[in-house]
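Next come the chains, spelled out residue by residue.
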Amino acid sequence: MMPLLHRRLHFWLAGALGYALLRGARATWRIKFIDPADCGVRIARGRHQIIVAFWHRYLACTMCGYRGLPFCVPVSEHRDGEYIANVMERHGYLAVRGSTTRGATRLLHALLEAMGQGWSCAITPDGPRGPRYGVQPGFILLARRSALPLHPLGIAVDRAWVMNSWDAFVVPKPRARIVIVVDAPLLPAEFAGRSVQDLCAELKARIFQADERARRALQQWPRGERPVLYDWNPQRRRKGLRP
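In this text, all values refer to a predicted model and were calculated from it rather than measured experimentally.

With that settled, consider unusual backbone geometry. Even without a glycine there, the phi angle at Tyr 133 is positive, about 65 degrees. One can find Tyr 133 in the loop between β5 (120-123) and α6 (137-146). The class of Tyr 133 is partly exposed, set by a relative accessible area of 23%. For Ala 168, which is not glycine, the phi dihedral falls at a positive 55 degrees. Under the relative-accessibility criterion, Ala 168 is labelled buried at 8%.

Following the criterion strictly, the structure yields five aromatic pairs and no others. Seen from their ring centres, Tyr 133 and Phe 208 are 5.2 Å apart, and the 70 degrees between their planes marks the pair as edge-to-face. Highlighted residues: Tyr 133 in the loop between β5 and α6 and Phe 208 in helix α7 (residues 196-219), separated in sequence by 75 residues. The rings of Phe 33, Tyr 66 and Phe 71 are connected pair by pair, giving a single aromatic cluster. One Lys or Arg, Lys 32, reaches over the ring of Trp 221 and ends 4.5 Å from the middle of that ring.

It is worth spelling out the nonpolar core at this point. Core analysis: the biggest nonpolar cluster contains 59 residues, and Phe 71, Met 115, Leu 142 and Leu 150 have the highest contact counts within it. The element best represented in this core is helix α5 (residues 104-116), accounting for six residues. Leaving out residues up to four positions away in the same chain, Met 115 has contacts with Gln 49, Ile 51, Cys 72, Cys 121, Leu 142, Ser 146 and Leu 148. Counting seven residues, the second largest nonpolar core, distinct from the first, contains Val 179, Val 181, Ala 217 and Trp 221.

Read from one edge to the other, the open sheet built from seven strands follows the order β1-β9-β6-β2-β5-β3-β4, with strand pairing classed as mixed. The outermost strands of the open sheet, each flanked by one partner alone, are β1 (30-34) and β4 (94-97). Adjacent strand axes in the sheet meet at a mean angle of 25 degrees, parallel and antiparallel pairs treated alike. Sheet contacts for α6: β2 (51-53), β3 (71-75), β5 and β6 (150-157); angle to β5, the most-contacted strand, approximately 165 degrees.

Turning next to the pairing of β3. In terms of burial, β3 is a largely internal element, five of the five residues being buried. Here β3 shows no split at all, with Phe 71, Val 73 and Val 75 on one side and Cys 72 and Pro 74 on the other all buried. Alignment of β3 against β4, held across four bridges, turns out to be parallel. Its bridge partner lying in β4, Cys 72 is registered against Leu 94.

The periodicity of an α-helix, 3.6 residues per turn, causes residues three or four places apart in sequence to face the same way. In this model, α5 (13 residues) spans 18 Å end to end at C-alpha, consistent with the 18 Å of a helix rising 1.5 Å per residue. Among all positions in α5, only Leu 107, Leu 108, Leu 111, Leu 112, Ala 114 and Met 115 are buried. Looking down the long axis of α5, one finds its buried residues gathered within 160 degrees of arc, a one-sided arrangement. Exposed side chains of α5 directed beyond 90 degrees from the buried face belong to Thr 105, Arg 106, Glu 113 and Gly 116.

Before going further, it helps to spend a moment on the environment of Ala 201. Position of Ala 201 relative to the elements: it lies in helix α7. Spatially, the C-alpha atom of Ala 201 lies 9.2 Å from that of Gly 134, the residues being 67 residues apart in sequence.

A separate point is the pattern of salt bridges. Per the stated rule, a full pass over the model turns up eight salt bridges. We note a salt bridge from Arg 206 to Asp 183, for which the minimum N-O separation is 3.8 Å. Of this pair, Arg 206 sits in helix α7 while Asp 183 sits in the loop between β9 (177-182) and α7, placing them 23 residues apart in sequence. The pair formed by Arg 206 and Asp 183 is uniform in burial state, with each residue classed as buried. The partner of Arg 213 in a salt bridge is Asp 183, with the nearest N and O atoms 3.2 Å apart. Within this pair, whereas Arg 213 is found in helix α7, its partner Asp 183 is found in the loop between β9 and α7, the two being separated by 30 residues in sequence.

Each value, and the rule that gives it
Residues numbered from 1 in each chain as written. Predicted model: local features only at pLDDT ≥ 70, side-chain atom pairs only at ≥ 80, totals over all residues. Heavy atoms only, no water. Helix = DSSP H or I, 4+ residues; strand = E, 2+ residues; numbered from the N terminus. Buried < 20%, exposed > 50% of the residue type's maximum accessible area, 1.4 Å probe, protein only. Phe/Tyr/Trp six-rings, centres within 6.5 Å; stacked < 30°, edge-to-face > 60°. Lys NZ or Arg CZ within 6 Å of the ring centre and 35° of its normal. Core = buried A, V, L, I, M, F, W, Y, C linked by side-chain atoms within 4.5 Å. Contact = heavy atoms within 4.5 Å. Pairing = 2+ DSSP bridges. Axes fitted to C-alpha atoms, helices over the stretch in contact; angles between N-to-C directions. Expected span 1.5 Å × (residues − 1). Arc of directions from axis to C-beta. Salt bridge = Lys/Arg side-chain N within 4 Å of Asp/Glu carboxyl O.

Read these as layout, nothing more, since geometry by itself doesn't imply function.
Shown next as structure tokens:
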């Protein structure tokens, strides 16, 4: 029992430290959303549900950008997943533990159950353990079964550390500027009559296209300009507030 208790305490402390470090860093970041459909605000008001898809390497950027919004997120059952789940939950997300290989059906049902309760869903198609820029077919099945719009996200960062990991994980440096592009969705009606392989290939291409849009927007962001940032609380939303 003691080793289990020690392990849980270790992950709790590691999660608290990770959250504190990330919170301190994000206080210096400047995040600009390009979201023509205003999805984030509509979710905050309880009027909208979506699925967003982005590469695993940008998890820290997206987690901080959307913090406080009701997103469920699949997290690996591996020991490392305990730490990630702890940090996720401190940001207000629902961490749904599971594997995209062993027990994939159980994970799919758990995510669908969360979405049935009103949660939107954030997925990394190449996560949780790769290969980098691959698309797991299970996430296409999730989008098809949920009947929710699937928005590719594009992300660009001007200053970051890139980890020596399978996904080349990106950690923005202090005072980094981050652009998040919410691209037009793949709609449930578009899934009819198409193979899972075809949809995987389209989602992969659409995420890369959104990433390119984000890079172009970052290059065009004047150094002295402060972005219009979002406070996801609809009672307090105004220019200049950081999410």
